[in-house]
Amino acid sequence: MLKLRGGRTLYYGKGDVLSYRTFASPLAVSAIPESTYTGCSNVIFAHNIKFSVSGESLLPSFTEGDNALVVATDSMKNFILRQTAEYEGNTTEGLLAFISEKFLERYPHLDAVEISADRIPFDAVVVSGGEGGFAPSEVVYRRSRNEHGSATMKWQRIGDSTELVFHESALSHIQLIKVHGSSFFGFVRDEYTTLPESFDRPLFIFLSISWTYEDASNAINGDRGRYVPAEQVHDIAHTVFHEANTPSIQHLIYKMGHRILKLFPQLAEVRFESNNRTWETVVEPAAPDSAGVYTEPRPPYGFQGFTMTRDDLQEQRSET
Ligand SMILES: O=c1[nH]c(=O)c2[nH]c(=O)[nH]c2[nH]1
């Protein structure tokens, strides 16, 4: 959040603003080899939004209890919901940009806005078309609990204009298991090592991926044809995990990042956070594709973080 004069941070806002907009503009994206996703009807364009504001003018509300310039968080919620009806675009980032700009225009005494949203996914149910075929319904949708995209933006008033000072799009809470075809060996062995080397382990990972565009307009305006949908990022992660026999999670996320940056030249950076949640083996399978029994791993868990930029594509490494 914005730092005031003297380095102080000050903000307030509203969380869990649930906004179920219907019939937003459809989004179309280019196909990539790793995914069947080519866009979204946006018949249900739903979000859980978190919104906060900051500004020098708000200092007396904290120090003196003077509410004269306080926009009630209840009014913020109303502003977000009503402005969502006016949004003509087709991306989460576009909606956040629209709300932020309108808010700073309406309340000129405020200096900065931080806004983030989780897309609430609804999938069309598949219904019988009557002649033996099946097709997605255009009116009935099923609330999905699956992973979904999200975005965060920070906007700041600078002179007469409003500038985007931070933006990030993300896909969190991915959980993927590969039953065999992963290894972990060759690590440091010393007096503290008890972990055996593994040449074919079942690998269960938790994963969060976030990305930043070179030019945020490609996220804000889906009609420029350069939007990066979380659904395709997800499918790239699936494909790389499926294809690669990796020696560690560290190298697996590097390979995912490499593929994402290669497929989407409009991205400047991609970031990963992963957890190792590999199941504990109870009954070892006799062969890779025979019966094994596993149970939830005991804490603690391992984790990895990695940030990649376009410079990583220049370096000659054995990637596809
Ligand atoms: O992919 C892995 N990376 C590690 O750094 C590590 N450490 C560990 O105990 N298991 C694993 N697995």
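Residues numbered from 1 in each chain as written. Predicted model: local features only at pLDDT ≥ 70, side-chain atom pairs only at ≥ 80, totals over all residues. Heavy atoms only, no water.

With that settled, the discussion passes to a nonpolar patch on the surface. On the surface, I158, V165 and F166 cluster together into a nonpolar patch covering about 230 Å² of accessible area. With respect to the element layout, F166 can be found in strand 9 (residues 161–178). (Patch = residues over 30% accessible without salt bridge, like charges linked within 9 Å, V, L, I, M, F, W, Y side chains within 5 Å. Areas by Shrake-Rupley, 256 points an atom, 1.4 Å probe, with all protein chains shown as cover. Salt bridge = Lys/Arg side-chain N within 4 Å of Asp/Glu carboxyl O. Helix = DSSP H or I, 4+ residues; strand = E, 2+ residues; numbered from the N terminus.)

A word on the domain arrangement of the chain. In terms of domains, the chain is made up of domain 1 (5–168) and domain 2 (169–314). One C-alpha centre belongs to domain 1, the other to domain 2; they are set 28 Å apart. Of the residues lining the interface, 28 residues belong to domain 1; the matching set on domain 2 comes to 30 residues. Taken together, both faces of the contact between domain 1 and domain 2 bury some 2100 Å²; the carbon and sulfur share is 56%. The largest per-residue losses of area from domain 1 upon contact with domain 2 belong to E34, E147 and H167, which jointly make up 30% of the total buried on that side. (Domains from an automatic or database assignment. Contact = heavy atoms within 4.5 Å. Buried area = accessible area lost by both parts, 1.4 Å probe.)

Let's shift gears to the environment of E64. Residue placement: E64 occurs in the loop between helix 1 (59–63) and helix 2 (73–86). Counting along the chain gives 158 residues from E64 to G222, while the straight-line C-alpha distance between them is 45 Å.

What follows is about the pairing of strand 8 (residues 149–158). In the sheet, strand 5 (residues 112–120) pairs with strand 8 via seven bridges, with the strands oriented antiparallel. The partner of A112 across the bridge, within strand 8, is Q156. Relative to strand 9, strand 8 runs antiparallel, the two sharing ten bridges. Residue pairing for strand 9: T152 is matched across the bridge by E168. (Pairing = 2+ DSSP bridges.)

Turning next to the nonpolar core. I209, W211 and I260 are the most contacted members of the largest nonpolar core, which has 34 residues in total. If you list the elements that add at least two residues to this core, you get strand 9, strand 10 (203–213), helix 5 (230–243), helix 6 (249–263) and strand 11 (267–276). No other element matches helix 6, which puts seven residues into this core. Apart from the residues within four sequence positions on either side, W211 is in contact with E168, S169, A170, L171, V228, A230, V233, L267, E269, V270 and R271. (Core = buried A, V, L, I, M, F, W, Y, C linked by side-chain atoms within 4.5 Å. Buried < 20%, exposed > 50% of the residue type's maximum accessible area, 1.4 Å probe, protein only.)

It is worth spelling out the sheet that holds strand 8 at this point. Backbone-to-backbone hydrogen bonds pair the strands of a sheet. The strands run either parallel or antiparallel. Here eight strands make up an open sheet; going across it, the order is 1-4-5-8-9-10-11-14 and the pairing antiparallel. Both edges of this open sheet fall to strand 1 (12–22) and strand 14 (302–309), since each of them pairs with a single strand only. On average, adjacent strands in this sheet sit at an angle of 15 degrees to one another, irrespective of strand direction. In terms of strand pairing, strand 9 meets strand 10 through eight bridges, oriented antiparallel. Considered in strand 10, the bridge of S169 is made with W211. Here helix 2 sits on the sheet in contact with strand 1 and strand 4 (44–54), set at roughly 25 degrees to strand 1. Strands strand 10, strand 11 and strand 14 of the sheet are contacted by helix 6, whose axis makes an angle of about 155 degrees with strand 11. (Axes fitted to C-alpha atoms, helices over the stretch in contact; angles between N-to-C directions.)

Here the focus is the packing of aromatic side chains. Following the criterion strictly, the structure yields 14 aromatic pairs and no others. Here the aromatic rings of F51 and F103 are separated by 4.8 Å at their centres, their planes lie at 70 degrees, and the arrangement is edge-to-face. Here the residue F51 occupies a position in strand 4, and F103 occupies one in helix 3 (residues 92–106), the gap between them amounting to 52 residues. By the burial criterion, F51 is buried, and F103 matches it. Seen from their ring centres, W279 and Y294 are 5.8 Å apart, and the 40 degrees between their planes marks the pair as tilted. Of this pair, W279 sits in the loop between strand 11 and strand 12 (280–283) while Y294 sits in strand 13 (residues 293–295); the two residues are 15 residues apart in sequence, bridging distant segments of the chain. By relative accessible area, which is 28% here, W279 ends up partly exposed. Y294 gets classed as partly exposed once you look at its relative accessible area, which sits at 24%. One aromatic cluster is present, built from ring pairs that chain together F51, F79, F103 and Y107. A cation over an aromatic ring shows up here: R277 above the ring of Y301, its NZ or CZ 4.0 Å from the ring centre. (Phe/Tyr/Trp six-rings, centres within 6.5 Å; stacked < 30°, edge-to-face > 60°. Lys NZ or Arg CZ within 6 Å of the ring centre and 35° of its normal.)

Turning our attention to the pattern of salt bridges. The final tally for this structure, using the stated rule, is seven salt bridges. The closest approach of N and O atoms between R259 and E243, which form a salt bridge, is 2.8 Å. Pair noted here: R259 is in helix 6 and E243 is in helix 5, with a separation of 16 residues, a long-range link. With a relative accessible area of 12%, R259 lands in the buried category. Here the salt bridges do not stand alone but share partners, grouping E34, E243 and R259 into one network.

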